[in-house]
Amino acid sequence: MSLLPLHLLGSPVLRQRSHEVGAVDDEIRRLLDDMYETMDAARGVGLAANQVGVTRRIAVVHADEDRFEMIDPVILENDGRASAEEGCLSIPDVYGDVSRPERIVLEATDRHGKRFRKEATGLKARAIQHEIDHLDGILFLDHLSLVKRQMLLARYRREHKDETGFIKEVQAESAGRE
Ligand code: CO
């Protein structure tokens, strides 16, 4: 397994719609292993494939003590509404309150090529929706008001003005997750 470099805000791949996977092969399973490892090292609750430069509909989630991959995910049902703070490994140190459906039913393919369904609420439901957004080229910033988004973006650009390029190496860490 290996850690994959993360694409940060500004990388065009974060704005692309990712392609369906269909059949799951060893190459996809290898990518999943690397994505889990990268998510853990970066201490995220989720990671989408385009965040590591691969425009396929694949994401991994580790939220509320549930750890799973979603390949070609779709949301079958959603209801309720909840607002909570979100962040994103591709937009370091930026957080904002996002309103989303509170409960969802997910359908996706697992690493063995089997379709499964999962009901989720709270943080897990939020993480699933955040990752599926990534697969459609959507970032959590897009859900904020224009004023709030521009404020956060201006601060982010100020804090990252000395960085060149949009790719960040993830360091292996033994510390606990956030
Ligand atoms: Co994200």
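Above this text sits the structure in question.
Each helix and strand counted, the protein has three helices and nine strands in total. Each helix (α) and strand (β) of the protein, taken in turn from the N terminus, gives the series β-α-β-β-β-β-β-β-β-α-α-β. Its C-alpha atoms give the protein a radius of gyration of 16 Å, within 12% of the compact-globule value 16 Å for 178 residues. Referenced to the eigenvectors of the C-alpha coordinate spread, the extents of the protein come out at roughly 45 × 40 × 30 Å. In the protein, which comprises 178 residues, the proportion classed as buried is 49%. In the protein, once contacts between residues fewer than 6 apart in sequence are set aside, the share between residues at least 24 apart is 69%. When the accessible surface of the protein is totalled, it reaches about 9,200 Å², and 48% of it is carbon and sulfur.

Below, the discussion takes up helix 3 (residues 146–159). End to end, helix 3 covers 20 Å across 14 residues, agreeing with the expected 20 Å (1.5 Å per residue, within 8%). Of all the positions in helix 3, only Leu152, Leu153 and Tyr156 are classed as buried. Looking straight down helix 3, one finds its buried side chains confined to an arc of 100 degrees; they lie on one side. Within helix 3, the exposed residues directed more than 90 degrees away from the buried face are Val147 and Arg158.

Right, let's get into the packing of aromatic side chains. Using the criterion set out here, one finds zero aromatic pairs in the structure. A cation over an aromatic ring shows up here: Lys118 above the ring of Phe68, its NZ or CZ 4.4 Å from the ring centre.

Our next topic: the nonpolar core. Ranked by internal contacts, the top residues of the largest apolar core, which has 19 residues, are Ile28, Met35, Leu47, Val52, Ile58, Val60 and Ile71. For this core, the secondary structure elements donating two or more residues are helix 1 (26–42) and strand 3 (58–63). Not counting chain neighbours up to four residues away, the residues in contact with Val60 comprise Leu32, Met35, Tyr36, Met39, Val45, Gly46, Leu47, Phe68, Glu69 and Glu131. Ala48, Val61, Ala63 and Leu106 belong to the second largest nonpolar core, which has 16 residues in total.

Right, let's talk about the pattern of salt bridges for a bit. Opposite charge on two side chains makes pairing possible when the charged atoms of those side chains draw close. Within this structure, the stated rule accounts for 19 salt bridges. Two residues, Arg17 and Asp136, come together in a salt bridge whose shortest N-O distance is 3.6 Å. Of this pair, Arg17 sits in the loop between strand 1 (6–7) and helix 1 while Asp136 sits in the loop between helix 2 (122–135) and helix 3; the two residues are 119 residues apart in sequence, bridging distant segments of the chain. Under the relative-accessibility criterion, Asp136 is labelled partly exposed at 31%. In this structure, the salt-bridge partner of Glu107 is Arg115, at a minimum N-O distance of 3.1 Å. For Glu107, a relative accessible area of 18% translates into the label buried. You can call Arg115 partly exposed: its relative accessible area is 37%. A network of salt bridges, in which partner residues are shared, links Arg17, Glu20, Arg57 and Asp136.

On to the pairing of strand 6 (residues 96–100), then. With burial as the criterion, only one face of strand 6 is covered, namely that bearing Gly96, Val98 and Arg100; the residues Asp97 and Ser99 on the opposite face remain uncovered. Both strand 5 (residues 82–86) and strand 6 contribute to a ladder of five bridges, which runs antiparallel. Bridging from a neighbouring strand, Ala84 pairs with Val98 of strand 6.

Another point: the sheet that holds strand 2 (residues 46–48). Reading across from one edge, 2-3-4-7-8 is the order of the five strands in this open sheet, with antiparallel pairing throughout. A strand with exactly one partner marks an edge of an open sheet, and here the two such strands are strand 2 and strand 8 (115–121). On average, each strand axis in the sheet is inclined to that of its neighbour by 40 degrees, with strand direction left out of account. In terms of strand pairing, strand 2 meets strand 3 through three bridges, oriented antiparallel. Across the sheet, Gly46 pairs through a bridge with Val61, a residue of strand 3. On the sheet, helix 2 packs against strand 2, strand 3, strand 4 (66–79), strand 7 (103–109) and strand 8 and is oriented at approximately 95 degrees with respect to strand 4.

Definitions and limits used
- Residues numbered from 1 in each chain as written.
- Predicted model: local features only at pLDDT ≥ 70, side-chain atom pairs only at ≥ 80, totals over all residues.
- Heavy atoms only, no water.
- Helix = DSSP H or I, 4+ residues; strand = E, 2+ residues; numbered from the N terminus.
- Rg over C-alpha atoms; globule rule 2.2 N^0.38 Å.
- Buried < 20%, exposed > 50% of the residue type's maximum accessible area, 1.4 Å probe, protein only.
- Contact = heavy atoms within 4.5 Å.
- Areas by Shrake-Rupley, 256 points an atom, 1.4 Å probe, with all protein chains shown as cover.
- Expected span 1.5 Å × (residues − 1).
- Arc of directions from axis to C-beta.
- Phe/Tyr/Trp six-rings, centres within 6.5 Å; stacked < 30°, edge-to-face > 60°.
- Lys NZ or Arg CZ within 6 Å of the ring centre and 35° of its normal.
- Core = buried A, V, L, I, M, F, W, Y, C linked by side-chain atoms within 4.5 Å.
- Salt bridge = Lys/Arg side-chain N within 4 Å of Asp/Glu carboxyl O.
- Pairing = 2+ DSSP bridges.
- Axes fitted to C-alpha atoms, helices over the stretch in contact; angles between N-to-C directions.

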